[in-house]
Amino acid sequence: MADISSSLSLPFIQPSQAQKHVTHNEALRILDVVTQLAVLADDQSTPPQSPAEGDRYIIDSSATDAWSGHVGDVALFENGGWQFFSPKSGWRAYVTSREALIVHDGSDWIDLDSAEIQDIEAFGLGMTSLPDTPFAAKLNTALWTGLYQADGGTGSMITRLNKENAPDDAGFVFQQDFNTRGLFGLFGSNNLRLATSTDGIVFQEGLSVDVATGIVDQPNLPRFKGATNFDNYAAADTWTKVAINETDFNDQNTFDPVVNQFVAPVAGTYFLGAALTFKQNTSDQARMGARLILNGSDVVTGSLGEITGPHVSEQTALSVQTMASLAAGDTIELQGRMRNFDGYFLADQTSFWGFKVG
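Residues numbered from 1 in each chain as written. Predicted model: local features only at pLDDT ≥ 70, side-chain atom pairs only at ≥ 80, totals over all residues. Heavy atoms only, no water.

Novice: What should I look at first to understand the layout of surface pockets in this one?
Specialist: Rolled over the atoms, a probe with the dimensions of a water molecule shows which regions are left empty. Estimates place the volume of the largest pocket at around 900 Å³. Elements with a contribution of two residues or more to the lining of the largest pocket: β8 (123–125), β9 (135–137) and β10 (169–176). Of the residues belonging to the lining of the largest pocket, the class tally is 15 nonpolar, five polar and one charged. Approximately 190 Å³ is the volume attributed to the second largest pocket. Along the walls of the second largest pocket sit 15 residues, with Ile58, Ile59, Asp60, Asp108 and Trp109 positioned nearest its centre. Those elements giving two or more residues to the lining of the second largest pocket turn out to be β6 (100–104) and β7 (109–111). When residues in the lining of the second largest pocket are grouped by element, the largest group, three residues, is from β7. Counted by class, the lining of the second largest pocket contains six nonpolar, four polar and five charged residues. (1 Å grid on protein atoms, 1.4 Å probe; cavity = no way out; pocket = protein on both sides within 12 Å on 5 of 7 lines; lining within 4 Å. Points joined across faces, edges and corners; volume = space filled by probe spheres on them. Helix = DSSP H or I, 4+ residues; strand = E, 2+ residues; numbered from the N terminus. Nonpolar A, V, L, I, M, F, W, Y, C, P; charged D, E, K, R; others polar.)

Right under this line is the structure:
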């Protein structure tokens, strides 16, 4: 059986040993010195002239006098003399003179904020870091704050994300149960990008800012513009749905040319407008009117317009536009009317458009 423990060199009570209390008390004394270790200083090479009972120091280089030969050891003043304890890798101590926490790396004592500690390869806070994620933290809240001017800082707080080449990525990935649901940053280029995904594979681009011009694009903004490719006949004094059967663009497929309606994909505020060009049938005195209809029955406020004077066939145009708060699934259609006389809404020059603004 060994005489002392392997880590703290605590003496063991041996079989048939007399005065067992002496060995036991010595082990307790060593524990009292090295557990919850705090030292007065770690930058002294010479013993203090009048140490107090129980004072502890970590001896600095070039040790002299009673400390000679004990560089790096923990020195305890007890019973009028100095006792020494050699540290092992992993021992930690609090240095009260400079309010610093230090650790022994097997060779030297180093500050926990030293360059050696900063150069660690992996760090986990509340969890084990992953091979491809050297820094990992598992917590509910986090705070970054600027160092105030009163504390020697500038008062600002700047976080930098750097990448090597333009096609590389630098940004934030937002996940639900470790499945990606959103991206924000420079992904795949130097354009600022905001995108979402339901599966972490296919992404829908919500926002893109061009790095060269600063121009903001919303690639998936609900928007459409359509036109009619034939002359739409309108009987006198009858509101008629204008057959907008072709689209110049139709993001999110919000306009259905089969039923000639815009369908709001999500709730929000939409800007809507139309332009109708008159084509004469029986009289240029037909009064051309237009309106936008919500869900097949209600006139959208601000969308009703009419021209009451004589028209120039294939040149006179009427424009209406408004904003509307729509729920998901609401429909908008364009209706036109010729009052007193019949007429046509001219092919290719009669259009309907809209987009989401908020």
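Back to the write-up after that little detour.
Novice: In this structure, what is going on with the pattern of salt bridges? I would like to understand it.
Specialist: If the charged atoms of two oppositely charged side chains come close together, the side chains can form a pair. A full pass over the atoms with the stated rule returns ten salt bridges. One salt bridge in this structure joins Arg223 and Asp217, with 3.9 Å as the shortest N-O distance. For Arg223, a relative accessible area of 23% puts it in the partly exposed group. Among the salt bridges present, the one from Lys241 reaches Glu333, with a minimum N-O distance of 3.7 Å. Here Lys241, found in strand β17 (residues 240–241), pairs with Glu333, found in strand β26 (residues 331–339); they are 92 residues apart in sequence, far enough to count as distant. Judged by its relative accessible area of 33%, Lys241 is partly exposed. Residue Glu333 is classed as buried on the basis of its relative accessible area of 6%. Each of the salt bridges in this network shares a partner with another, and the network as a whole consists of Asp42, Arg98 and Asp111. (Salt bridge = Lys/Arg side-chain N within 4 Å of Asp/Glu carboxyl O. Buried < 20%, exposed > 50% of the residue type's maximum accessible area, 1.4 Å probe, protein only.)

Novice: Is there a simple way to explain the packing of aromatic side chains in this structure?
Specialist: Scanning the entire structure with this criterion turns up twelve aromatic pairs. Feature note: the residues Phe224, Phe255, Phe262, Tyr270 and Phe352 constitute an aromatic cluster, connected by ring pairs. Looking at Arg193, its charged tip hangs above the ring of Phe203, at a distance of 5.9 Å from the centre. Seen from the ring of Trp239, Arg291 lies directly overhead, with NZ or CZ sitting 4.1 Å from the centre. (Phe/Tyr/Trp six-rings, centres within 6.5 Å; stacked < 30°, edge-to-face > 60°. Lys NZ or Arg CZ within 6 Å of the ring centre and 35° of its normal.)

Novice: Any chance you could explain the pairing of β26 here in plain terms?
Specialist: Within a regular strand, the side chains alternate between the two sheet faces. Where burial is concerned, most of β26 is hidden: eight out of the nine residues are buried. Sheet topology note: the β17/β26 ladder contains two bridges and is antiparallel. Its bridge partner lying in β26, Lys241 is registered against Gln335. When strand β20 (residues 261–263) meets β26, the two strands line up antiparallel, connected through two bridges. Within β26, the residue paired with Val263 across the bridge is Thr331. Pairing of strand β22 (residues 287–294) with β26, which is carried by eight bridges, proceeds in the antiparallel orientation. Across the sheet, the residue bridging to Arg291 is Gln335, located in β26. (Pairing = 2+ DSSP bridges.)

Novice: Teacher, can you tell me more about the side chain of Lys356 here?
Specialist: Take Lys356: it is sitting in strand β28 (residues 351–356). It is Asp330 that comes nearest to the buried, bridge-free Lys356 among opposite-charge side chains, at 13 Å. Of note is the side chain of Lys356, whose polar atom sits 2.6 Å from the backbone oxygen of Gly358. Filtering out sequence-adjacent residues up to four positions away, Lys356 remains in contact with Leu221, Pro222, Val266, Ala267, Gly268, Thr269 and Tyr270. (Lys, Arg positive; Asp, Glu negative; His and termini not counted. Polar contact = N/O pair within 3.5 Å; in protein donor to acceptor, adjacent residues only side chain to side chain. Contact = heavy atoms within 4.5 Å.)

Novice: Please clarify how the sheet that holds β7 should be interpreted in this entry.
Specialist: Adjacent strands of a sheet form backbone hydrogen bonds with each other and so pair up, either parallel or antiparallel. Spatial strand order, β1-β5-β6-β7: four strands in an open sheet with mixed pairing. Strands with a single pairing partner mark the edges of an open sheet, and in this sheet they are β1 (38–39) and β7. Pairing of β6 with β7, which is carried by three bridges, proceeds in the antiparallel orientation. Residue pairing across strands places Ile102 opposite Asp111, the latter belonging to β7.

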